[in-house]
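What follows is each chain in one-letter form.
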Amino acid sequence: WFVGYSSRHRASQQTLKSNRDPSTAMSEPIRVLVTGAAGQIAYSLLYNLGNGDVFGKNQPLILVLLDITPMMKVLEGVVMEMEDCAFGLLKEVIATDKEEVAFKDIDVAILVGSMPRREGMERKDLLKANVKIFKSQGAALDKYAKKNVKVVVVGNPANTNCLTAAKSAPSIPRSNFSCLTRLDHNRARAQIAKRLQVSANDVKNVIIWGNHSSTQYPDVTHAKVKVQGKECEVYDEVKDDSWLKGEFITTVQQRGAAVIMARKLSSAMSASKAICDHVRDIWYGTGEGEFVSMGVISDGNSYSIPEDLIYSFPVVIKNKCWSFVEGLPINDFSRDKMDLTAKELAEEKETAIEFLASM
Ligand code: NAX
């Protein structure tokens with residue numbers, strides 16, 4: 001079937017709508033918001049979404065694109081390109097700088113936009129600017145989004161931004177909020193695959209614990225690798241504990257900085273791929289025998305991580321709900337690293353709460 005587009009331009013809102021309904025065999029469209037839509041991660045992500053790489057080839061979409069007012073012209077160009085992709089699944093594209101338009105009736109929110117760190121900016125000032133953004137977006141979720149909306153926070157500091165948004169949206173269950181550590185997870189899988197000269201698809205159950213920052217702890221104690229059709233322990237196959245406890249961890253922790261050094265821009269293609277993996281798993285569940293890493297709200301019980309932090313844990317997902325992978329044995333080496341990253345998150349939270357209370 002054929003989809004024709006008509007565009008409607010207004011000062012700050014622009015709509016791109018299909019003229020004909022897709023085949024009746026298709027499901028009802030879902031409404032997906034991407035913030036920071038004029039930025040570089042979104043430039044990859046919007047292609048993946050439109051192409052059906054996340055919600056599948058039979059799931060029509062209404063994409064809502066939010067960015068700040070000065071970026072509306074750039075966003076207009078992005079909308080033109082989306083039109084030119086002639087995606088069959090796109091029912092409508094709405095570009096806006098208004099939260100009340102962006103958050104209205106959404107099923108999924110992918111919050112990519114945030115205040116970037118500028119030269120000479122103090123960490124506290126960066127946190128403060130982001131508390132303001134995510135407080136406002138949390139309140140907009142509370143007011144305008146569907147109550148079963150799934151919210152994924154990507155913009156940094158991702159864990160604490162996610163906590164701020166969740167606290168600002170009391171009518172939406174905390175468990176509907178998660179932050180992205182899947183890029184770190186994928187980086188860890190890729191490093192192991194490269195070392196063992198296998199496909200990244202053959203490496204699973206790595207864990208990223210804690211913050212999406214350089215204190216994160218990439219852990220392969222429970223990871224598995226398929227070698228010649230047989231599932232083996234990563235530790236047994238690598239046979240190099242000092243690499244696994246040293247260079248492997250620092251490579252994953254500092255990979256983002258290494259990409260920036262080389263590219264003069266931060267990771268965008270790999271970030272988009274990770275967002276797709278994360279959201280697809282929320283929507284369709286994790287594979288049998290597989291767990292993934294995701295920043296989710298801590299309950300104070302699991303792995304003795306203090307409660308009320310958005311901390312990256314190993315989770316499994318079924319029927320659009322995640323649960324902790326419980327009972328993995330934790331050795332002293334891991335315990336220290338898990339506590340260190342929890343401490344950083346607790347400090348970030350304290351600062352964020354202070355700012356939240358003063359706003
Ligand atoms: P860009 O600077 O290219 O794009 C960010 C976009 O967000 C800009 O268009 C900006 O105008 C917009 N924006 C700023 N404030 C906004 C607001 N209040 N509402 C809506 N839009 C707003 O950055 P990009 O490379 O796309 O990265 C986006 C964010 O992802 C950054 O915070 C970055 O640090 C973070 N990342 C997080 C990762 C993770 O694993 N959690 C990995 C990749 C990435 O580094």
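Residues numbered from 1 in each chain as written. Predicted model: local features only at pLDDT ≥ 70, side-chain atom pairs only at ≥ 80, totals over all residues. Heavy atoms only, no water.

### Concerning the packing of aromatic side chains
So, point 1. Scanning all chains against the criterion turns up 9 aromatic pairs.
So, point 2. Between Tyr-217 and Phe-333, the aromatic rings sit 6.2 Å apart at their centres with planes inclined by 75°, giving edge-to-face as the arrangement. Taken together, the residues span a long stretch of sequence, with Tyr-217 in strand S11 (residues 217-219) and Phe-333 in helix H12 (residues 332-358) at a distance of 116 residues.
So, point 3. A relative accessible area of 2% places Tyr-217 in the buried class.
So, point 4. For the ring pair Tyr-311 and Phe-313, a centre distance of 5.0 Å and an interplane angle of 50° mean the geometry is tilted. Accessibility assignment for this pair places Tyr-311 and Phe-313 in one class, buried. (Phe/Tyr/Trp six-rings, centres within 6.5 Å; stacked < 30°, edge-to-face > 60°. Helix = DSSP H or I, 4+ residues; strand = E, 2+ residues; numbered from the N terminus. Buried < 20%, exposed > 50% of the residue type's maximum accessible area, 1.4 Å probe, protein only.)

### Brief notes about the environment of Leu-183
So, point 1. Mapped onto the fold, Leu-183 is located in helix H6 (residues 182-196).
So, point 2. Separated by 95 residues in sequence, Leu-183 and His-278 have C-alpha atoms that sit 9.1 Å apart.
So, point 3. Not counting residues up to four positions away in its chain, the partners in contact with Leu-183 are Ser-267, Ser-270, Ala-271 and Ala-274. (Contact = heavy atoms within 4.5 Å.)

### A short note on the confidence of the model for the protein chain
So, point 1. This prediction gives the protein chain a mean pLDDT of 92; 93% of its residues lie at or above 70.
So, point 2. Taken as a whole, residues 1-24 scores under 50 in pLDDT and shows 60 contacts with residues more than four places along the chain or in a different chain. (pLDDT = per-residue confidence, 0-100.)

### Thoughts on the site of the ligand
So, point 1. The full set close to the ligand counts 24 residues, and Gln-40, Ile-41, Asp-67, Ser-114 and Asn-156 are the nearest of them.
So, point 2. With respect to the ligand, the side chain of Ser-114 contributes an N or O atom lying 2.7 Å from an oxygen atom.
So, point 3. Within the backbone of Leu-180, an N or O atom sits 3.3 Å from a nitrogen atom of the ligand.
So, point 4. Elements with a minimum of two residues in the shell around the ligand: helix H1 (40-50) and helix H4 (123-144).
So, point 5. Looking at the shell around the ligand, its residues break down into 12 nonpolar, 11 polar and 1 charged. (Near = heavy atom within 4 Å. Polar contact = N/O pair within 3.5 Å; in protein donor to acceptor, adjacent residues only side chain to side chain. Nonpolar A, V, L, I, M, F, W, Y, C, P; charged D, E, K, R; others polar.)

### Re helix H5 (residues 158-167)
So, point 1. Burial of H5 is extensive: 9 of the 10 residues sit out of reach of the surface.
So, point 2. Of the surrounding elements, those touching the buried residues of H5 are H4, strand S7 (150-153), strand S8 (177-179), strand S14 (292-297), strand S15 (310-318) and H12.

### Observations concerning the nonpolar core
So, point 1. Formed by 106 residues in total, the largest nonpolar core has its most connected members in Leu-49, Phe-55, Leu-65, Ile-110 and Leu-141.
So, point 2. Top contributing element to this core by residue count: helix H11 (residues 269-284), with 7 residues.
So, point 3. Once residues within four sequence positions are removed from consideration, Phe-55 is found in contact with Ile-30, Val-32, Leu-49, Leu-61, Val-108, Val-279, Trp-283 and Tyr-284.
So, point 4. Ranked by size, the runner-up nonpolar core spans 5 residues in total, among them Leu-127, Val-131, Phe-355 and Leu-356. (Core = buried A, V, L, I, M, F, W, Y, C linked by side-chain atoms within 4.5 Å.)

### Here we look at the sheet that holds strand S12 (residues 224-227)
So, point 1. In spatial order, the strands read S9-S12-S13; together these 3 strands make up an open sheet with antiparallel pairing. The two strands at the open ends of the sheet, each matched to only one other strand, are strand S9 (203-204) and strand S13 (230-233).
So, point 2. In this structure, S12 lies alongside S13, joined through 4 bridges in antiparallel fashion. Counted as the bridge partner of Lys-226 is Glu-231 from S13. (Pairing = 2+ DSSP bridges.)

### Quick look at the pairing of strand S6 (residues 108-111)
So, point 1. Residues Val-108 and Ile-110 line one face of S6 and the alternating positions Ala-109 and Leu-111 line the opposite face, and both faces are buried.
So, point 2. When strand S3 (residues 30-35) meets S6, the two strands line up parallel, connected through 4 bridges. Counted as the bridge partner of Val-34 is Ile-110 from S6.
So, point 3. Bridge count for S6 against S7 is 4 bridges, and the pairing is parallel.

### Focus: the layout of surface pockets
So, point 1. Each pocket or cavity is described by its volume, and for the second largest pocket that value is around 400 Å³.
So, point 2. Considering the residues around the second largest pocket, the lining is formed by 24 residues, among which Arg-189, Ala-200, Asn-201, Val-203 and Glu-290 are closest to the centre.
So, point 3. Listing elements by their share of the lining of the second largest pocket, those giving two or more residues are H6, S9, S12 and H11.
So, point 4. Examining the composition of the lining of the second largest pocket, we find that 5 residues originate from one element, H6, more than from any other.
So, point 5. Here the lining of the second largest pocket is built from residues that sort into 6 nonpolar, 6 polar and 12 charged. (1 Å grid on protein atoms, 1.4 Å probe; cavity = no way out; pocket = protein on both sides within 12 Å on 5 of 7 lines; lining within 4 Å. Points joined across faces, edges and corners; volume = space filled by probe spheres on them.)

### Quick word on unusual backbone geometry
Most peptide bonds are trans, and most residues other than glycine sit at a negative phi.
So, point 1. Residue Pro-157 is bonded to the preceding Asn-156 through a cis peptide linkage, with omega at -5°.
So, point 2. When you line up the elements, Pro-157 lands in the loop between S7 and H5.
So, point 3. The backbone of Gln-197 shows a phi angle near 50°, a positive value even though the residue is not glycine.
So, point 4. Secondary-structure assignment places Gln-197 in the loop between H6 and S9.
So, point 5. Despite not being glycine, Gln-228 has its phi angle at roughly 45°, a positive value.
So, point 6. Considering the arrangement of structural elements, one finds Gln-228 in the loop between S12 and S13.
So, point 7. The exposure class assigned to Gln-228 is exposed, which follows from its relative accessible area of 82%.

### Topic: the pattern of salt bridges
So, point 1. Following the criterion strictly, the structure yields 16 salt bridges and no others.
So, point 2. We note a salt bridge from Arg-280 to Asp-277, for which the minimum N-O separation is 3.3 Å. Of this pair, Arg-280 and Asp-277 both sit in helix H11, separated by 3 residues, roughly a single helical turn. (Salt bridge = Lys/Arg side-chain N within 4 Å of Asp/Glu carboxyl O.)

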